[in-house]
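A structural walkthrough
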Amino acid sequence: MEALGHKIKQKLQERCNREKDKDAKSEMTEIEALMAITAAVLVFLGVSGSFRRRSGNGAFAIVAFAAYTLMPALIAYTLGLIQTAPFCTLRLPVWATYLVVILGNVDSYTAHSMEDIERWKSFKIDAAVKYIMISWMIAKYSVIWSPIVSILFVVLFTKVNDRAQALMMASNSVMQKNYRFIADYMSTEHESNDGDPAAMRGYRYLVRVPEEATTAKCRRKAAPWLDGVAPQYRQLLEVTDEVITVDEVWNCEGWLLSVSGGDRDGRLKDLCLSFSLFKFVCLKFTGYSLPRQAHDKLWRLIQHMLSEENGHERVFRIIEVELAFLFDLFYTKHPLNLHRGRSKYRLFLLPIVVAIPLIFLLDSIWDHMVFTAVVTFLLLMSILVVELTQFGIMIFSEWAKVTYICKYVRNERWRRNICVGKLIKIMCRVQLVKPWGRQLRQYSFLKSYSYSPFLKCIYNGLTAAYLDKKRNGQEQIAPTNLSEQVKKAIARSLRREDSNYLEKGRASLRLNGWFDGLSWACNLETTTHVIMVWHIATTVCEHKKPPAVAQLSQEQRDNFGVATKLSQYLAYLVVFAPRLLPGHPCRTEYIFDCAVREARSLLGGSSVSMEKRILELETVSNKNEQSIVGRGARLGMQLVHELANEERIWKVLADFWADMMLYVAPSDDTAAHAKYLTTGGEFVTHVWVLVSQAGIPRDPRGGEEHDDPERN
């Protein structure tokens with residue numbers, strides 16, 4: 001009996017050992033599969049991160065957000081499996097280190113939104129916890145494989161905290177400390193002289209300052225900022241050879257920046273101007289403001305540039321590079337990577353980072369471990385692709401180009417060597433990613449008011465936290481490319497601005513001699529009312545007075561394109577981006593919902609053709625309706641009948657919409673503009689930068705209701 005019991009016990013032990021071996025193999029397979037998935041997500045985030053600033057595709061945004069959200073969960077779960085694995089292999093600490101350091105720190109996707117940036121302390125704690133966990137895991141293997149483990153410690157020390165550091169640099173609290181120096185400097189910069197915009201003499205805007213002056217840490221003795229004195233306690237800049245200003249770049253005598261040499265179109269100097277003006281955008285984000293005299297000096301520069309041939313193209317090109325710098329600051333690690341010495345560390349670590357997985361790949365092939373070899377190969381290739389892509393994006397980024405040019409200006413040997421100048425020119429002419437999408441998203445109220453969201457049942461209490469509810473009438477039409485004519489119209493409208501305020505379309509009516517007849521449509525309750533009424537009227541004119549293309553001059557065709565594109569773009573902002581407009585966004589959304597209900601009641605549903613809707617608007621226009629649809633119909637018929645010919649109609653409308661584009665641009669909601677940088681960008685953000693730097697505010701006498709004031 002005792003022998004039988006011993007035999008049964010032996011059988012059970014053998015079965016447990018087989019199950020344990022089986023569990024170990026399945027767990028190893030699971031770890032390897034998760035490593036393969038993580039590598040795939042890494043490649044997507046690493047390669048596509050910088051493309052967010054130029055892509056407005058909704059599906060791409062959803063996939064990017066899903067990958068960004070999934071990555072931490074994948075890493076945490078895989079680390080847990082590795083930590084509790086019932087077997088011993090050097091691949092485990094290596095893979096754990098790569099999970100945290102390489103796969104968890106993508107240069108081009110450090111944050112998805114502004115909210116992530118403000119949680120930089122949480123990311124710092126997270127990095128510290130992971131560092132302790134991986135260090136403990138590495139230490140356990142140090143006795144057996146000390147050389148490789150020592151290399152892992154080097155990799156871990158140099159890269160584990162990068163993401164938290166980048167987020168800290170972009171956080172509002174740290175930016176406020178960093179940019180206080182710029183605010184102090186700009187408070188007196190205008191006192192030197194009025195400046196000559198043609199030669200940029202007197203424009204001592206900062207391009208580069210020593211790194212000691214741009215960190216939130218305690219300033220070292222080498223810092224060029226003098227302590228503030230009573231009564232204002234503003235810190236003054238001690239100008240040394242390390243400080244590069246805009247006028248120094250313009251006056252540089254080297255071949256690279258000369259008009260007859262490497263900068264015939266002035267784009268390299270404009271790149272430095274963009275970087276200096278980008279600091280003014282950061283001042284806006286941190287709550288600092290420029291004195292009135294500084295705005296006047298900058299406005300003279302903008303006016304000079306706009307007066308040049310194709311000056312509008314130059315001005316908007318400078319602004320789009322400013323916003324590219326802003327995107328990189330908030331959502332990538334490029335500013336951090338270009339700090340002194342970091343690029344050298346990156347070059348030093350690249351062969352080490354690649355070599356270790358390569359050793360394991362060869363070892364797996366030698367031992368005929370097919371699945372392990374495939375996973376290791378995927379890991380190796382993903383690291384190669386991402387590291388090389390990110391290194392390429394870093395050295396060709398706008399941040400790097402400014403660094404090259406500033407070193408050229410400062411280094412006399414570089415200026416004497418024409419080969420150095422030609423190499424920098426080649427580097428600066430490479431553009432891997434467009435600064436933004438360069439599109440105007442479009443919306444047509446009369447086409448889309450009858451739209452009802454498909455599958456309304458998916459928008460409920462369970463999905464409210466994950467899906468933005470689509471409203472009735474909320475259907476975009478195809479976007480259009482931002483044309484030169486639109487930028488020219490905005491620039492022309494800004495140049496003729498002879499008052500101290502931006503008006504709500506009234507200036508264009510005075511210019512065209514129609515102020516008395518049409519100004520009633522500019523004095524409505526809110527800016528949303530004005531946009532929607534004029535948008536409906538523009539659509540009516542588009543159908544009642546379509547331009548005969550063969551008979552129109554180029555100017556008339558341009559006016560038609562400007563009027564229709566800006567009309568549909570501002571309507572899009574009402575429906576899809578109300579935070580970028582004056583007025584409370586919830587108020588704007590409610591006004592739009594009311595307009596949709598009015599249109600469905602007055603014009604019919606989706607079965608009514610566009611032609612019948614326009615005919616019905618003629619009837620509505622005679623009823624003296626006070627609704628948005630009724631007013632839009634009345635204004636449209638007034639334009640059609642009183643302006644008579646197409647040429648005058650489209651000239652009045654083009655000028656009106658250019659004025660309205662300027663009027664809606666001023667805003668203090670900086671977070672809203674930063675949000676849309678990640679989805680291809682919005683043209684209104686570029687106009688916002690333009691009017692902010694020119695220092696032209698919105699007319700406070702905008703005719704808004706006192707109980708529902710619009711925001712600045």
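Going along each chain's sequence as written, the residues are numbered from 1 onward. The model is predicted, so local features are restricted to residues of pLDDT at least 70 and side-chain atom pairs to those at 80 or more, both for listing and for counting; the totals for chains, interfaces and linings are taken over all residues. Remark: hydrogens and water are excluded; side-chain values derive from all non-hydrogen atoms of the structure.

Every helix listed is a DSSP run of H or I at least four residues long, and every strand listed is a run of E at least two residues long, numbered separately from the N terminus. The number of helices and strands found in the protein is 31 helices and six strands. Exposure classes here rest on a 1.4 Å probe applied to the protein chains alone. A residue is buried below 20% of its type maximum, exposed above 50%, and partly exposed in between. Burial statistics for the protein: of 712 residues in total, 54% are counted as buried. Two residues form a contact once any of their heavy atoms are found within 4.5 Å. Contacts in the protein between residues far apart in sequence, at least 24 positions, make up 79% of those at least 6 positions apart. Here the open area of atoms and residues is found with the Shrake-Rupley method and a 1.4 Å probe, where only the protein chains shown may cover a residue. Of the roughly 32,300 Å² of accessible surface on the protein, a fraction of 57% belongs to carbon and sulfur atoms.

Centre distance within 6.5 Å is the pairing criterion for rings of Phe, Tyr and Trp, where only the six-membered ring of Trp is used; planes under 30 degrees apart are then read as stacked, over 60 as edge-to-face, and the remainder as tilted. Counted by the stated rule, this structure contains 24 aromatic pairs. Geometrically, the ring pair formed by Phe-445 and Tyr-449 is tilted, given 6.1 Å between the ring centres and 35 degrees between the ring planes. You'll find Phe-445 and Tyr-449 in the same group, each marked buried. Ring plane angle 85 degrees and centroid distance 4.8 Å describe the contact between Phe-560 and Trp-650, whose orientation is recorded as edge-to-face. Of this pair, Phe-560 sits in helix H25 (residues 554-576) while Trp-650 sits in helix H29 (residues 646-664), and the two are 90 residues apart along the sequence. Through a chain of ring-to-ring contacts, three or more aromatic side chains come together here, namely Tyr-443, Phe-445, Tyr-449, Tyr-569, Tyr-572, Phe-576 and Phe-592. We count a charge as sitting over a ring when the NZ of a lysine or the CZ of an arginine lies within 6 Å of the ring centre and within 35 degrees of the ring normal. The side chain of Arg-180 reaches across the aromatic face of Phe-181, ending 5.0 Å from its centre.

In this analysis the probe radius is 1.4 Å and the grid spacing 1 Å, with only protein atoms considered; a cavity is a set of points the probe fits into but cannot get out of, a pocket is an open set with protein on both sides within 12 Å along at least five of seven lines, and lining residues have an atom within 4 Å of a point. Grid points are joined across faces, edges and corners, and a volume is the space filled by probe spheres set on the points. Taken as a whole, this structure holds five cavities of 30 Å³ or more when the rule is applied. Its volume calculated, the largest cavity comes out at about 120 Å³. What lines the largest cavity is simply Ser-50, Arg-53, Asp-328, His-334, Ile-393, Phe-396, Ser-397, Glu-398, Lys-401, Gln-431, Leu-432 and Val-433.

Another point: the side chain of Lys-279. With respect to the helices and strands, the residue Lys-279 is situated in helix H11 (residues 267-285). Although Lys-279 is buried, it makes no salt bridge; Glu-322 carries the closest opposite charge, 11 Å away. Leaving out residues up to four positions away in the same chain, Lys-279 has contacts with Tyr-179, Ile-182, Leu-206 and Val-207. When charges are counted, Lys and Arg contribute as positive and Asp and Glu as negative, whereas His and the chain ends are disregarded. One side-chain nitrogen of Lys or Arg within 4 Å of one carboxyl oxygen of Asp or Glu is enough to make a salt bridge.

It is worth spelling out the pattern of salt bridges at this point. Considering all chains together, one arrives at 27 salt bridges under this definition. When the shortest N-O distance is used, the salt bridge between Arg-180 and Asp-184 registers 3.7 Å. Highlighted residues: Arg-180 and Asp-184, both in helix H9 (residues 180-189), separated by four residues, approximately one helical turn. You can call Arg-180 partly exposed: its relative accessible area is 32%. You can call Asp-184 buried: its relative accessible area is 6%. Where Glu-503 meets Arg-510, a salt bridge forms, and the shortest distance between an N and an O atom there is 2.3 Å. Shared partners join several salt bridges into a network, and the residues in it are Asp-263, Asp-265, Arg-267, Lys-269 and Arg-429.

This part takes up the packing of H11 against helix H13 (residues 311-331). Relative to each other, H11 and H13 sit at 55 degrees, their axes nearing to 8 Å. By the angle class used here, H11 and H13 are oblique. Considering the relative orientation of H11 and H13, their crossing is right-handed. Note on element contacts: H13 touches H11 through Arg-314, Arg-317, Ile-318, Val-321, Glu-322, Phe-325, Leu-326, Leu-329 and Phe-330, opposite Arg-267, Asp-270, Leu-271, Leu-273, Ser-274, Phe-275, Leu-277, Phe-278, Val-281, Cys-282 and Phe-285. As a rule, the C-alpha atoms of each element are fitted with a line to give its axis, helices using only the stretch in contact, and angles between N-to-C directions run from 0 to 180 degrees. Here is the rule for angles: anything less than 35 degrees is roughly parallel, anything more than 145 is roughly antiparallel, 65 through 115 is roughly perpendicular, and the remaining ranges are oblique. Crossings are classed by handedness, with left-handed meaning an anticlockwise turn of the near helix from the far one by less than a right angle and right-handed meaning a clockwise turn.

In terms of nonpolar packing, the biggest core is built from 192 residues, with Phe-330, Phe-445, Trp-534, Trp-657 and Phe-683 touching the most fellow members. Sort the elements by how many residues they give to this core and H29 lands first, with 13 residues. Not counting residues up to four positions away in its chain, the partners in contact with Phe-330 are Thr-110, Ala-111, Met-114, Ile-117, Ala-170, Met-175, Phe-285 and Ala-674. Nine residue types can take part in a nonpolar core, namely buried Ala, Val, Leu, Ile, Met, Phe, Trp, Tyr and Cys, and a core is a set of them joined through side-chain atoms within 4.5 Å.

Here we come to the environment of Pro-585. Along the chain, Pro-585 falls in helix H26 (residues 585-603). Residue classification places Pro-585 among the buried positions, given a relative accessible area of 15%. Distance in space between the C-alpha atoms of Pro-585 and Val-575 is 9.8 Å, their sequence separation being 10 residues.

Here the focus is the side chain of Glu-189. Positionally, Glu-189 belongs in helix H9. According to the relative accessible area criterion, Glu-189 is buried, its value standing at 5%. Any pair of nitrogen or oxygen atoms within 3.5 Å is treated as a polar contact; in protein, a donor-acceptor pairing is required on top of that, and neighbouring residues in sequence qualify only through side-chain atoms on both sides. Within the local environment of Glu-189, its side chain forms a polar contact with the backbone nitrogen of Arg-204, the two atoms lying 3.0 Å apart. Among residues more than four places away in sequence, those in contact with Glu-189 are Gly-202, Tyr-203, Arg-204, Tyr-205 and Lys-297.

Our next topic: unusual backbone geometry. Positive phi, close to 55 degrees, is recorded for Asn-310, a residue that is not glycine. Asn-310 gets classed as partly exposed once you look at its relative accessible area, which sits at 43%. Of note, the phi angle at Arg-438 is positive, near 55 degrees, even though the residue is not glycine. With respect to the helices and strands, Arg-438 occurs in the loop between helix H19 (418-429) and strand E5 (439-442). The exposure class of Arg-438 is partly exposed, given its relative accessible area of 29%.

One full turn of an α-helix is made of 3.6 residues, so residues set three or four places apart face in the same direction. For a helix, the expected span equals 1.5 Å multiplied by the number of residues minus one. Between its first and last C-alpha, helix H31 (residues 683-694) extends 17 Å over 12 residues, near the 16 Å set by a 1.5 Å rise per residue. Counting buried positions along H31 gives 12 out of 12 residues, so the element sits mostly inside the fold. Three or more residues of H31 are buried, namely Phe-683, Val-684, Thr-685, His-686, Val-687, Trp-688, Val-689, Leu-690, Val-691, Ser-692, Gln-693 and Ala-694. Just beyond H31, the residue with positive phi is Gly-695, at close to 75 degrees.

We now examine the state of the cysteines. Cysteine sulfur pairs qualify as disulfides if the two atoms are within 2.5 Å. Inspection of the entire model under this criterion finds zero disulfides. Between Cys-428, a free cysteine, and Cys-272, which holds the nearest cysteine sulfur, the sulfur-to-sulfur gap is 8.2 Å. With relative accessibility at 9%, the residue Cys-428 sits in the buried group.

Here we take up the environment of Leu-509. Locating Leu-509 in the fold gives a position in helix H22 (residues 506-511). A sequence separation of 143 residues divides Leu-509 from Val-652, and the C-alpha atoms of the two residues are 7.0 Å apart. Not counting residues within four places of it along the chain, the set of residues in contact with Leu-509 comprises Trp-514, Phe-515, Leu-518, Ser-519, Cys-522, Trp-534 and Val-652.

For any part of a model where pLDDT is low, the fine detail of the predicted coordinates should not be relied upon. Known as pLDDT, the predictor's per-residue confidence is scaled from 0 to 100. Residues with a pLDDT of 70 or more make up 79% of the protein, whose mean pLDDT is 80. Per-residue pLDDT stays below 50 along residues 703-712; that stretch engages in 29 contacts with residues further than four places along the chain or on separate chains.

What follows is about H13. Taking 1.5 Å as the rise per residue, H13 with 21 residues should run 30 Å; its terminal C-alpha atoms sit 30 Å apart, in good agreement. Counted residue by residue, H13 has 20 buried out of 21 residues, so it is predominantly covered.

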